[in-house]
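Here is how the chains run, residue by residue.
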Amino acid sequence: QVQLVESGGGSVQPGGSLRLSCAASGSISGVNTMGWYRQAPGKQREMVALVDSVGNKLYGDSVKGRFTISKEYARNTANLQMNSLQPEDTAVYYCYHTLGPTWGQGTQVTVSA
(Lines give C-alpha, C1' and ligand atoms only; values in the text may rest on other atoms or scores of the structure.)
Protein backbone atom coordinates (compact mmCIF):
# COMPACT_ATOMS: atom_id res chain seq x y z
CA GLN A 1 0.00 0.00 0.00
CA VAL A 2 0.91 3.62 -0.48
CA GLN A 3 0.38 6.16 2.25
CA LEU A 4 0.18 9.86 1.48
CA VAL A 5 0.89 12.57 4.02
CA GLU A 6 -0.17 16.08 3.11
CA SER A 7 0.96 19.35 4.59
CA GLY A 8 0.84 23.05 3.87
CA GLY A 9 -2.84 23.91 3.82
CA GLY A 10 -4.17 26.99 5.50
CA SER A 11 -5.83 30.35 5.03
CA VAL A 12 -4.54 33.24 2.95
CA GLN A 13 -5.78 36.49 1.51
CA PRO A 14 -6.44 36.85 -2.21
CA GLY A 15 -3.16 37.17 -4.04
CA GLY A 16 -1.33 35.18 -1.43
CA SER A 17 0.59 31.96 -1.75
CA LEU A 18 0.69 28.55 -0.18
CA ARG A 19 2.87 25.54 -0.74
CA LEU A 20 1.42 22.07 -0.41
CA SER A 21 3.53 18.98 -0.01
CA CYS A 22 2.61 15.34 -0.29
CA ALA A 23 4.99 12.63 0.82
CA ALA A 24 4.35 9.09 -0.38
CA SER A 25 5.57 6.08 1.52
CA GLY A 26 5.10 2.34 1.39
CA SER A 27 5.20 0.15 -1.70
CA ILE A 28 5.75 2.60 -4.52
CA SER A 29 6.22 1.68 -8.15
CA GLY A 30 8.89 3.37 -10.17
CA VAL A 31 6.42 4.47 -12.84
CA ASN A 32 3.64 6.54 -11.37
CA THR A 33 1.87 9.84 -11.37
CA MET A 34 1.36 12.05 -8.36
CA GLY A 35 -0.47 15.28 -7.96
CA TRP A 36 -3.35 17.17 -6.50
CA TYR A 37 -7.09 17.33 -6.91
CA ARG A 38 -9.48 19.65 -5.12
CA GLN A 39 -13.12 19.67 -4.19
CA ALA A 40 -15.17 22.67 -3.18
CA PRO A 41 -18.56 22.33 -1.46
CA GLY A 42 -21.24 21.33 -3.93
CA LYS A 43 -18.76 20.74 -6.72
CA GLN A 44 -17.10 17.72 -8.26
CA ARG A 45 -13.54 16.89 -7.47
CA GLU A 46 -11.32 18.41 -10.15
CA MET A 47 -7.76 17.85 -11.23
CA VAL A 48 -5.40 20.62 -10.20
CA ALA A 49 -1.97 19.41 -11.22
CA LEU A 50 -0.24 16.12 -11.99
CA VAL A 51 3.35 15.11 -12.56
CA ASP A 52 4.46 11.73 -13.89
CA SER A 53 7.60 9.71 -13.36
CA VAL A 54 9.51 11.38 -16.19
CA GLY A 55 8.54 14.93 -15.31
CA ASN A 56 5.58 15.55 -17.57
CA LYS A 57 3.14 17.96 -15.97
CA LEU A 58 -0.53 18.61 -16.46
CA TYR A 59 -2.52 21.48 -14.99
CA GLY A 60 -6.17 22.22 -14.70
CA ASP A 61 -7.24 25.15 -16.82
CA SER A 62 -8.23 27.22 -13.81
CA VAL A 63 -4.75 27.10 -12.26
CA LYS A 64 -2.47 27.35 -15.28
CA GLY A 65 0.07 30.09 -14.83
CA ARG A 66 -0.55 30.33 -11.09
CA PHE A 67 0.27 26.90 -9.68
CA THR A 68 3.44 24.91 -10.19
CA ILE A 69 3.85 21.24 -9.38
CA SER A 70 7.21 19.66 -8.76
CA LYS A 71 8.38 16.28 -7.61
CA GLU A 72 11.28 15.19 -5.50
CA TYR A 73 11.70 11.80 -7.08
CA ALA A 74 14.14 10.36 -4.59
CA ARG A 75 11.85 11.30 -1.72
CA ASN A 76 8.59 10.43 -3.52
CA THR A 77 7.27 13.84 -2.64
CA ALA A 78 5.08 16.09 -4.77
CA ASN A 79 4.94 19.79 -4.07
CA LEU A 80 2.41 22.31 -5.26
CA GLN A 81 3.35 25.97 -5.21
CA MET A 82 0.14 27.97 -5.28
CA ASN A 83 0.51 31.63 -6.19
CA SER A 84 -2.00 34.38 -6.87
CA LEU A 85 -4.61 32.52 -4.90
CA GLN A 86 -8.21 33.60 -5.36
CA PRO A 87 -11.40 32.85 -3.44
CA GLU A 88 -12.35 30.41 -6.17
CA ASP A 89 -9.39 28.29 -5.14
CA THR A 90 -10.99 27.61 -1.78
CA ALA A 91 -11.41 23.86 -1.49
CA VAL A 92 -10.18 20.74 0.17
CA TYR A 93 -7.05 19.68 -1.67
CA TYR A 94 -6.30 15.97 -1.96
CA CYS A 95 -3.00 14.44 -2.86
CA TYR A 96 -3.25 11.71 -5.49
CA HIS A 97 -1.09 8.75 -6.39
CA THR A 98 -1.84 6.42 -9.29
CA LEU A 99 -0.86 3.31 -7.37
CA GLY A 100 -4.21 2.13 -6.07
CA PRO A 101 -5.14 4.86 -6.77
CA THR A 102 -4.45 6.34 -3.38
CA TRP A 103 -5.75 9.58 -1.94
CA GLY A 104 -4.51 11.71 0.89
CA GLN A 105 -6.82 12.71 3.69
CA GLY A 106 -7.29 16.21 2.29
CA THR A 107 -6.07 19.58 3.47
CA GLN A 108 -8.20 22.72 3.58
CA VAL A 109 -7.17 25.76 1.58
CA THR A 110 -9.19 28.89 2.25
CA VAL A 111 -8.73 32.13 0.35
CA SER A 112 -10.66 35.12 1.68
CA ALA A 113 -10.20 38.79 2.34
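All values derive from a computational prediction rather than experimental measurement.

### Focus: the sheet that holds strand β1 (residues 2-7)
Spatially, β1-β3-β8-β7 is the arrangement adopted by the four strands of the open sheet, whose pairing is antiparallel. At either margin of the open sheet sits one strand with a lone partner, and together these are β1 and β7 (67-72). Between one strand axis and the next, the sheet turns by 15° as a mean value, whatever way the strands run.

### Description of the nonpolar core
Among the nonpolar cores identified, the biggest contains 26 residues, and Trp36, Val48, Phe67, Leu80, Met82 and Tyr93 are the most heavily contacted of them. If you list the elements that add at least two residues to this core, you get β1, β3 (18-26), β4 (33-39), β5 (46-52), β7, β8 (77-82), β9 (91-97) and β11 (107-111). With four residues, β3 is the largest single contributor of residues to this core. Other than its neighbours up to four places away in sequence, Leu80 contacts Leu18, Arg19, Leu20, Trp36, Val48, Ala49, Phe67, Thr68 and Ile69.

### A look at the packing of aromatic side chains
As enumerated under the stated definition, the model contains three aromatic pairs in all. Here Tyr37 and Trp103 contribute two aromatic rings whose centre-to-centre distance is 5.1 Å and whose plane-to-plane angle is 75°, an arrangement assigned as edge-to-face. Of this pair, Tyr37 sits in strand β4 while Trp103 sits in strand β10 (residues 102-103), and the two are 66 residues apart along the sequence. Each member of the aromatic cluster is reached from another via a ring pair, and the members are Tyr37, Tyr96 and Trp103. The side chain of Arg45 reaches across the aromatic face of Tyr94, ending 3.8 Å from its centre. The ring of Trp103 has Arg45 sitting right over it, with the charged end atom 4.6 Å from the ring centre.

### What about unusual backbone geometry?
Cis rather than trans, the peptide bond between Gly100 and Pro101 has omega equal to -5°. Here Pro101 lies in the loop between β9 and β10. A positive phi is found at Asn76, a non-glycine position, where the angle reads about 50°. Inspection of the secondary structure assignment puts Asn76 in the loop between β7 and β8. According to the relative accessible area criterion, Asn76 is partly exposed, its value standing at 24%. Here Ser84, not a glycine, exhibits a phi torsion of approximately 50°, which is positive. With respect to the secondary-structure elements, Ser84 resides in the loop between β8 and β9.

### Examining the state of the cysteines
Taken as a whole and assessed by the stated rule, the structure comprises one disulfide. Here Cys22 is linked by a disulfide to Cys95, with a sulfur-sulfur distance of 1.9 Å. Handedness of the Cys22-Cys95 disulfide follows from its S-S torsion of about -90°: it is left-handed. Highlighted residues: Cys22 in strand β3 and Cys95 in strand β9, separated in sequence by 73 residues. As far as the burial class goes, Cys22 and Cys95 line up, both buried.

### Quick word on the pattern of salt bridges
Opposite charge on two side chains makes pairing possible when the charged atoms of those side chains draw close. Applying the stated criterion across every chain, the model contains five salt bridges. One salt bridge in this structure joins Glu72 and Arg75, with 2.6 Å as the shortest N-O distance. Owing to a relative accessible area of 56%, Arg75 belongs among the exposed residues under this scheme. Salt bridges sharing partners connect three or more residues here, namely Arg38, Glu46, Arg66 and Asp89.

The rules behind the values
The residue numbering used here restarts from 1 in each chain and proceeds along that chain's sequence as written. Reporting of local features is limited, given that this is a predicted model, to residues whose pLDDT is at least 70; pairs of side-chain atoms are given and counted only at 80 or more, and all residues count toward the totals for whole chains, interfaces and linings. Excluded from the side-chain calculations are hydrogens and water; all other atoms, namely the structure's heavy atoms, are used. Pairing between two strands requires that DSSP report at least two bridges joining them. For helices the rule is a DSSP run of H or I covering at least 4 residues; for strands it is a run of E covering at least 2, with both sets numbered from the N terminus onward. Between the N-to-C directions of two axes lies an angle of 0 to 180 degrees, each axis being a line fitted to C-alpha atoms and, for a helix, fitted only over the stretch in contact. Take the buried residues of types Ala, Val, Leu, Ile, Met, Phe, Trp, Tyr and Cys, join any two whose side-chain atoms come within 4.5 Å, and each joined set is a nonpolar core. Burial here depends on accessible area, computed with a 1.4 Å probe over protein chains only, as a share of the maximum for the residue type. Under 20% is buried, over 50% is exposed, and the range in between is partly exposed. Two residues qualify as a contact provided that any one of their heavy atoms is within 4.5 Å of a heavy atom in the partner residue. Here a Phe, Tyr or Trp ring, Trp counted by its six-membered ring, pairs with any other such ring whose centre lies within 6.5 Å, and the pair is stacked when the planes are under 30 degrees apart, edge-to-face when over 60, and tilted otherwise. Only lysine NZ and arginine CZ atoms are considered, and such an atom sits over a ring when it is within 6 Å of the ring centre and within 35 degrees of the ring normal. By definition, disulfides here are pairs of cysteine sulfur atoms that lie within 2.5 Å. The term salt bridge refers to a pairing of a side-chain nitrogen on Lys or Arg with a carboxyl oxygen on Asp or Glu at a separation within 4 Å.

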